[in-house]
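Notes for the structure review
Here are the chains, one letter per residue:
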Amino acid sequence: MPKSHSSKRAGKNDRKPSISALVRDIKKQLLSDLQSDPPISTAQLKTKYLGKQGMVTRAMKEIGAVAPEKRSEAGKELNTLKLWAEGQMSRVSETEKMRLDSGIASDDGFDVTAPFPPNTTGSERPGLEPKVGTLHPLTTVGEKAIRIFESMGFHLVEARRLDDDYNSFEALNIPKGHPARDLWDTFWTEDRLIPIPHTSAMQNRILSSVKPPIREIIVGKCFRNEATDASHEHTFYQLEGVYVDKNVTLTDLIGTLSHFMNAFYGRDIKYKIQPSYFPFVEPGLEFLIECLVCGQRGCPFCHYSKWVEVIPCGPIHPNVLRESGLNPDEYSGFAWGLGFDRLVILRNQISDIRLLHSGDLKFLEQFR
Ligand code: FA5
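Being a predicted model, the structure only gives us computed values, none of them experimental. (Residues numbered from 1 in each chain as written. Predicted model: local features only at pLDDT ≥ 70, side-chain atom pairs only at ≥ 80, totals over all residues. Heavy atoms only, no water.)

Counting its regular elements, the chain contains twelve helices and nine strands. Split into buried and exposed, the 368 residues of the chain put 39% on the buried side. Excluding contacts between residues fewer than 6 apart, the proportion of contacts in the chain whose partners are at least 24 apart in sequence is 65%. For the chain, the exposed area adds up to about 21,000 Å²; of that, 52% sits on carbon and sulfur atoms. (Helix = DSSP H or I, 4+ residues; strand = E, 2+ residues; numbered from the N terminus. Buried < 20%, exposed > 50% of the residue type's maximum accessible area, 1.4 Å probe, protein only. Contact = heavy atoms within 4.5 Å. Areas by Shrake-Rupley, 256 points an atom, 1.4 Å probe, with all protein chains shown as cover.)

Rendered as structure tokens:
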């Protein structure tokens, strides 16, 4: 008799889903309810799952029908389910509260991706307004410089980020083993490409593809294997200029650069030229301007010389013209390579170039 009674009970229980299956179904159902559109209110969810006749509550009552040796495991599963369901409810109720606080009665227009709390209204809490970014000083200075050169008839080209040995050095009269290569010590990729160390890497491409008169400016991001300090970064920007025509003289170069400086700073800027060395120009020159940081009284930025070197330049070397297919007896020209970063520093009296690339908002917000 007991045998038949117990087998009858066992048969009845066999038809019931196991606790694990029950837990799985309830979870699935609750997850689907949480995503329902329009959303189901917390009150409704609580009744459906945690109320007296709720699905979780009823599942918990099933524990009595579980075999004693499995009861502890099943109990744990049910408790975990209850805690999880309660957690979901409080999350939903928090969202509902925020929605009500923000005055958005309907679900329409509630933007969960908004970058500020939904219960914030701009005029009441201006501190929590989404922050509007500004252009980086390198961008504003760059754009200003480009506009001035464009107004003089120059055409803008963007430099490559990666280039080869030929364009970066060989075509610029810097053969392999030339000591000047050390000046542009740089990084190499495994297939011998170079993140460009200077925008002069575009010179040969321009000289060999544009028919004179050539009036091009090249803007590019440059990379050097640099021990960084207050005036040297491993990554910085240059603006290169290339001008070629018949009968171009040094006076044209000086006139172009001094006009640029005056237009850029909005007044007549004192300048001077001194000799320098770059294998792709002859003679190599350096265009210096009065130190704007100290007003020519002498300061650490100008190394107490009262002058600042801003634009290396010079007439294009005949070998460079020849290499690009131009006859140096017929054409002459000049080139320069201006560092943007230095212009920004001079204009804003910034003490360390590394601040420009730091991404430090405290520093950048000064340029609003
Ligand atoms: C050159 O790169 C030459 N290609 C410039 C040139 C072009 C000369 C055409 C003649 C004719 P230089 O290495 O001096 O030269 O760099 C030019 C400018 O880039 C510098 O005056 C400076 O403003 C900027 N610059 C160079 N190295 C750095 C650095 N590590 N960090 C920040 N700015 C730099």
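Past the structure itself, the notes keep going.
Of all ten residues in strand 4 (residues 214–223), eight are buried; the element is thus mostly enclosed. Relative to strand 4, strand 1 (residues 155–158) runs parallel, the two sharing four bridges. Looking at the pairing, Val157 lines up with Ile218 of strand 4. Taken together, the ten bridges between strand 4 and strand 5 (residues 235–245) define a ladder with antiparallel strand orientation. Its bridge partner lying in strand 5, Lys221 is registered against Tyr237. (Pairing = 2+ DSSP bridges.)

Moving on: the site of the ligand. Taken together, 23 residues sit near the ligand, with His198, Ser200, Arg224, Glu226 and Glu233 positioned nearest. The side chain of Trp184 places a nitrogen or oxygen atom 3.2 Å from an oxygen atom of the ligand. Interatomic distance of 2.9 Å between a side-chain N/O atom of His198 and a nitrogen atom of the ligand. With the chains in place, 92% of the 670 Å² that the ligand exposes on its own is no longer accessible. Elements supplying a minimum of two residues to the shell around the ligand: strand 5, strand 8 (307–315) and strand 9 (332–339). (Near = heavy atom within 4 Å. Polar contact = N/O pair within 3.5 Å; in protein donor to acceptor, adjacent residues only side chain to side chain.)

Across the junction of Pro212 and Pro213, the peptide omega takes the value 5°, indicating a cis bond. In this chain, Glu282 is followed by Pro283 through a cis amide linkage whose omega measures 0°. Looking at the element boundaries, Pro283 is found in the loop between strand 6 (271–276) and strand 7 (284–290). The phi dihedral of Gln296 is positive, around 60°, even though this residue is not glycine. Looking at where Gln296 falls in the secondary structure, it is placed in the loop between strand 7 and strand 8. Phi is positive for His303, which is not a glycine, with a value near 55°. Looking at the element boundaries, His303 is found in the loop between strand 7 and strand 8. In this structure His303 comes out as exposed when scored by relative accessible area, which is 67%.

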